[in-house]
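# Survey of secondary and tertiary structure
The residues making up each chain are set out below.
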Amino acid sequence: MSTKKTESTRRTDDIVEIQQLLARYAVTITQGDVDGLIGVFTPDGTYSAFGETYSLARFPVLVDAAPKGLFMTGESLVEFDAANPDAATGTQPLCFVEHSAHDMRIGYYRDTYVRTSDGWRLRTRAMTFIRRSGEHGAELLFIDVRGDGGRIVGIEFAQRAADIIGRQQRKH
């Protein structure tokens, strides 16, 4: 029996590894494990949301400022780069449920993946929100109404993150 893997078997192994990487992302961010979250990215990795791109150095502040809750993700639709066997892109659906009020936000991530010496990693992850109007956008602009007059979730988060980052920059 040949031990040589077929292209199809290699791609299946790659998909399983990428799916596990993305599961680790969802679990670590749900549990507030910043080091685990950073570990799913390449050293030059970035996350984009709210009209801004965040480097790994900013992840601790970003995670601290973000609402806490459950990140439920679906399987990513992975597309491999035909010219580079160590590169791929993907789109992964997300439903986030905030822990205290169970408010939900839905959308999807658009990702780039690269194979490193440590296995597949995220190089970029960009969040697209699906608004109540049905529009898709990077900024969370809709009002999240819970029967208490509503609140603007995305702007509050972005302002809190900007305030924390500003305080940290003034310290140094």
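Residues numbered from 1 in each chain as written. Predicted model: local features only at pLDDT ≥ 70, side-chain atom pairs only at ≥ 80, totals over all residues. Heavy atoms only, no water.

## Description of the pattern of salt bridges
When the charged atoms of two side chains with opposite charge come close together, those side chains can pair. Under the definition given, this model contains seven salt bridges. R125 is the partner of D111 in a salt bridge, and the nearest nitrogen-oxygen pair spans 2.8 Å. Of the two residues, D111 is situated in strand β6 (residues 104–116) and R125 in strand β7 (residues 119–130); the sequence distance between them amounts to 14 residues. In this structure D111 comes out as buried when scored by relative accessible area, which is 4%. Put simply, R11, D14, D86 and R115 are held in one network by salt bridges that share partners. (Salt bridge = Lys/Arg side-chain N within 4 Å of Asp/Glu carboxyl O. Helix = DSSP H or I, 4+ residues; strand = E, 2+ residues; numbered from the N terminus. Buried < 20%, exposed > 50% of the residue type's maximum accessible area, 1.4 Å probe, protein only.)

## Details of the packing of aromatic side chains
Per the stated rule, a full pass over the model turns up seven aromatic pairs. With a centroid separation of 5.1 Å and an interplanar angle of 85 degrees, the aromatic rings of F41 and F59 are classed as edge-to-face. Here F41, found in strand β1 (residues 41–49), pairs with F59, found in helix α3 (residues 59–65); they are 18 residues apart in sequence, far enough to count as distant. Using a relative accessible area of 5% as the deciding quantity, one classes F41 as buried. According to the relative accessible area criterion, F59 is buried, its value standing at 2%. Judged by centre distance (6.1 Å) and plane angle (65 degrees), the rings of F80 and W120 are edge-to-face. With a gap of 40 residues between them, F80 in strand β4 (residues 77–80) and W120 in strand β7 connect regions that are remote in the sequence. (Phe/Tyr/Trp six-rings, centres within 6.5 Å; stacked < 30°, edge-to-face > 60°.)

## Section: the environment of Y109
Along the chain, Y109 turns up in strand β6. Given a relative accessible area of 1%, Y109 falls into the buried group. When the C-alpha positions of Y109 and Y47 are compared, they lie 9.7 Å apart, and in sequence the two are 62 residues distant. For Y109, the residues in contact, after removing those within four places along its chain, are Y25, Y47, F71, T73, G90, T91, Q92, L94, R125, A126 and M127. (Contact = heavy atoms within 4.5 Å.)

## Structural notes on helix α1 (residues 7–30)
Over its 24 residues, α1 runs 35 Å from end to end, which matches the ideal 34 Å to within 8%, given 1.5 Å per residue. When α1 is considered as a whole, its buried residues turn out to be R11, D14, I18, Q19, L21, L22, Y25, A26, T28 and I29. Downstream of α1 by one or two residues, G32 has phi in the positive range, about 70 degrees. (Expected span 1.5 Å × (residues − 1).)

## Considering unusual backbone geometry
With glycine set apart, most residues show a phi of negative sign, and most peptide bonds adopt trans. With a phi angle near 60 degrees, F50 is a residue other than glycine that sits in the positive phi range. Mapped onto the fold, F50 is located in the loop between β1 and β2 (52–55). The phi dihedral of H102 is positive, around 60 degrees, even though this residue is not glycine. Mapping H102 onto the fold places it in the loop between β5 (87–98) and β6.

## So, the confidence of the model for the chain
Of the residues in the chain, 78% reach a pLDDT of 70 or more, and the chain-wide mean stands at 84. When the elements of the chain are averaged for pLDDT, helix α4 (residues 153–171) gives the smallest value, 54, and β4 the largest, 98. Across residues 141–153 the pLDDT falls below 50, and counting only partners more than four positions away or on other chains, this stretch makes 23 contacts in the model. (pLDDT = per-residue confidence, 0-100.)

## Regarding the nonpolar core
In this structure, Y25, Y47, Y113 and L122 are the most contacted members of the largest nonpolar core, which totals 29 residues. A per-element tally of this core places α1 first, with six residues. Aside from chain neighbours lying at most four places away, what touches Y47 is Y25, E52, T53, Y54, F59, L62, Y109, R125 and M127. (Core = buried A, V, L, I, M, F, W, Y, C linked by side-chain atoms within 4.5 Å.)

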